[in-house]
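Read off the chains here:
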Amino acid sequence: MTDQANPKAIQRVGIIGGGQLAWMMGPAAQSLGLDLVVQTPGKDDPAVAIAQSTLLAAVDDIAATQALAAQCDVITFENEFIDCEGLQPLADQGTIFRPGLEVLALVLDKRHQRECFDRLGLPNPRYTFLEGDESDAELGAKADPLGFPLVMKTRRLGYDGYGTAVVNDSTQLTATWKAFDRTPVLLEEFVPFKQELAVMVARSARGEIALYPTVETQQVDQICRRVLAPAQVNAAVATQMERIARTLVEQLQLVGIVGIECFLTPDDRVLINEIAPRTHNSGHYSLDACATSQFEQQLRAVCDRPLGPTHLTCPQAVMVNLLGLDQPDEAHHRQLAALGQLPQATLYWYRKAIRPGRKLGHITQGLGAGADPRAAAAAIEAIWYGQL
Ligand code: ADP
């Protein structure tokens, strides 16, 4: 069934997940006059502070989502680690999930994502997959066509590089799969990318599409460290990004917003790495540097409102993630105060318990046309992470 614009005005939005992504929807919901009801396990989760009401339950708790559906006109997501099969009866009884459960089911398993990219004719790294019962010889035979190095990824529940390992030779291959408990995995070619690119794209039930500028993302230890907007890419690369983004949302009939992460090869081919059918870290800069933030856009898309303009409101911007440091809490607060002195910068602190490596906040800085975004990001990181 395709999702049509709803004749009844949408007023109350249920959100599965109450982390920082839901928290950042708060101001947009207020300006659009929407009520947010959040399903999240922890009473201290960031979005509890901005929700009209909260159902304290795990994101895959079906009974809680049933209660959420009873209170809301539409349900959307900030966390995709849900129980799609369990939710299907609710959808069959008329609960509107945006994006639809078929899109969520697709992204929950990296194999299904890749097979979908292939079906849609969208370029992605060469891959194969293991089910878990392969012998060492079969493992070697499957890995052989990919060559070394290759990348092993758990098919389900991986995030921020957890569940991803680079494998350099056959000895490591056997050892790594053992370390992964021989779970079902994706094996893919290691892409010697020259840049990692990302783009956000929103689509409404009426089929309106709003595409954000392509950005460059840079990861440290497989976690996004900084985003440079816009990415410095040539017109042919920008066209490939746009084709991928439009094809995906149109072919999946996606209603909502999706983050698309890609590799740019040395010969300027764009390969999709993965998609996230919700707001995304690579789109945080839009809060301060785009005409409509990704959070407002998600709400607009799922509530049948016209989509907003997506252009940059300053020539360039950088976003730096503030990950937990291996230091006492006070040190974090001292560093935050120092970041607060930076010009044209906006700080977001998610008020989560501080743990080393955890995403605790981010900062966006708007830049003029002549500024060097890498130098600006390095200056921010020198304050937060120390001299690098
Ligand atoms: P997760 O789903 O945990 O975020 P990703 O698949 O996005 O994992 O991988 C995290 C990071 O690891 C990527 O942003 C990239 O820097 C690196 N990476 C992942 N796959 C590959 C690959 N095939 N080739 C080279 N680097 C990769």
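Above this text you will find the structure in question.
Residues numbered from 1 in each chain as written. Predicted model: local features only at pLDDT ≥ 70, side-chain atom pairs only at ≥ 80, totals over all residues. Heavy atoms only, no water.

## Focus on the pairing of strand S2 (residues 35-40)
Alright, step 1. Most of S2 is tucked away: five of the six residues are buried.
Alright, step 2. The pairing of strand S1 (residues 12-16) with S2 spans five bridges and is classified as parallel. Counterpart to Ile16 in the pairing with S2 is Gln39.
Alright, step 3. Pairing between S2 and strand S3 (residues 53-56): four bridges, direction parallel. From the neighbouring strand, Gln39 faces S3, where its bridge partner is Leu55. (Buried < 20%, exposed > 50% of the residue type's maximum accessible area, 1.4 Å probe, protein only. Helix = DSSP H or I, 4+ residues; strand = E, 2+ residues; numbered from the N terminus. Pairing = 2+ DSSP bridges.)

## Some words on the packing of aromatic side chains
Alright, step 1. For the structure on display, the rule yields four aromatic pairs.
Alright, step 2. Centre to centre, the rings of Phe193 and Phe263 are 5.4 Å apart; their planes meet at 5°, and the pair counts as stacked. Note that Phe193 is positioned in the loop between strand S8 (185-189) and strand S9 (195-203) and Phe263 in strand S13 (residues 256-264), a separation of 70 residues in sequence.
Alright, step 3. Sitting over the face of the ring of Tyr385, Arg225 holds its NZ or CZ atom 3.8 Å from the ring centroid. (Phe/Tyr/Trp six-rings, centres within 6.5 Å; stacked < 30°, edge-to-face > 60°. Lys NZ or Arg CZ within 6 Å of the ring centre and 35° of its normal.)

## A closer look at the side chain of Lys110
Alright, step 1. Of note, Lys110 is situated in helix H6 (residues 110-119).
Alright, step 2. Leaving out residues up to four positions away in the same chain, Lys110 has contacts with Lys153, Thr154, Arg155, Leu186 and Glu274. (Contact = heavy atoms within 4.5 Å.)

## Thoughts on the nonpolar core
Generally speaking, soluble globular proteins have nonpolar side chains that are buried together.
Alright, step 1. With 26 residues, the main nonpolar core has Leu248, Leu252, Ile260, Ile272 and Ile275 as its most contacted residues.
Alright, step 2. Secondary structure elements with two or more residues in this core: helix H5 (101-108), H6, S9, helix H9 (235-251), S13 and strand S14 (270-276).
Alright, step 3. If one sorts the elements of this core by residue count, H9 sits on top with six residues.
Alright, step 4. Among residues more than four places away in sequence, those in contact with Ile275 are Val107, Gln113, Phe117, Leu248, Leu252, Val258, Gly259 and Ile260.
Alright, step 5. Val13, Ile15, Leu34 and Val38 belong to the second largest nonpolar core, which has 22 residues in total. (Core = buried A, V, L, I, M, F, W, Y, C linked by side-chain atoms within 4.5 Å.)

## Things to note about helix H3 (residues 62-71)
Given 3.6 residues to a turn, an α-helix orients residues that are three or four positions apart in the same direction.
Alright, step 1. Taken together, the buried positions of H3 are occupied by Ala64, Thr65, Leu68 and Ala69. Down the axis of H3, the sector holding all buried residues measures 145°, keeping them to one side. Turned more than 90 degrees off the buried face of H3, the exposed positions are Ala63 and Ala70.
Alright, step 2. The distance from a side-chain oxygen at the start of H3 to the backbone nitrogen of Ala63 is 3.1 Å, and the residue carrying that oxygen is Asp61. (Arc of directions from axis to C-beta. Polar contact = N/O pair within 3.5 Å; in protein donor to acceptor, adjacent residues only side chain to side chain.)

## As for the pattern of salt bridges
Alright, step 1. Following the criterion strictly, the structure yields 22 salt bridges and no others.
Alright, step 2. The partner of Lys43 in a salt bridge is Asp44, and the shortest N-O contact between them spans 3.4 Å.
Alright, step 3. Accessibility expressed as a relative area gives 59% for Lys43, which makes it exposed.
Alright, step 4. The salt bridge partner of Arg111 is Glu115, with a shortest N-O separation of 2.8 Å. Taken together, the residues span about one helical turn, with Arg111 and Glu115 both in helix H6 at a distance of four residues.
Alright, step 5. Each of the salt bridges in this network shares a partner with another, and the network as a whole consists of Asp109, Arg111, Glu115, Glu131 and Arg155. (Salt bridge = Lys/Arg side-chain N within 4 Å of Asp/Glu carboxyl O.)

## Points about the sheet that holds strand S7 (residues 164-167)
Alright, step 1. Pairing is antiparallel across the open sheet formed by four strands, whose spatial order is S5-S8-S6-S7. Edge strands, defined here as strands with exactly one partner in the open sheet, are strand S5 (127-130) and S7. The average angle at which neighbouring strand axes cross in this sheet is 25°, direction not considered.
Alright, step 2. Sheet topology places S5 next to S8; four bridges connect them, and they run antiparallel. Pairing of Phe129 across the sheet is with Leu186, part of S8.
Alright, step 3. Packed on one face of the sheet, H6 meets S5, strand S6 (150-154) and S8 and runs near 150° to S5.
Alright, step 4. Its contacts with the sheet place helix H7 (residues 136-143) against S5, S6 and S8, and it is angled at close to 165° to S5. (Axes fitted to C-alpha atoms, helices over the stretch in contact; angles between N-to-C directions.)

## Looking at the packing of helix H4 (residues 84-92) against H5
Two quantities define a packed helix pair, namely the angle between the helix axes and the distance between the axes.
Alright, step 1. The contact between H4 and H5 brings their axes to 10 Å, and the two run at 175°. In terms of their interaxial angle, H4 and H5 are classed as roughly antiparallel. The segment H4 lies against H5, with Cys84, Leu87, Gln88 and Ala91 engaging Leu101, Leu104, Ala105 and Leu108. (Parallel < 35°, antiparallel > 145°, perpendicular 65-115°, else oblique.)

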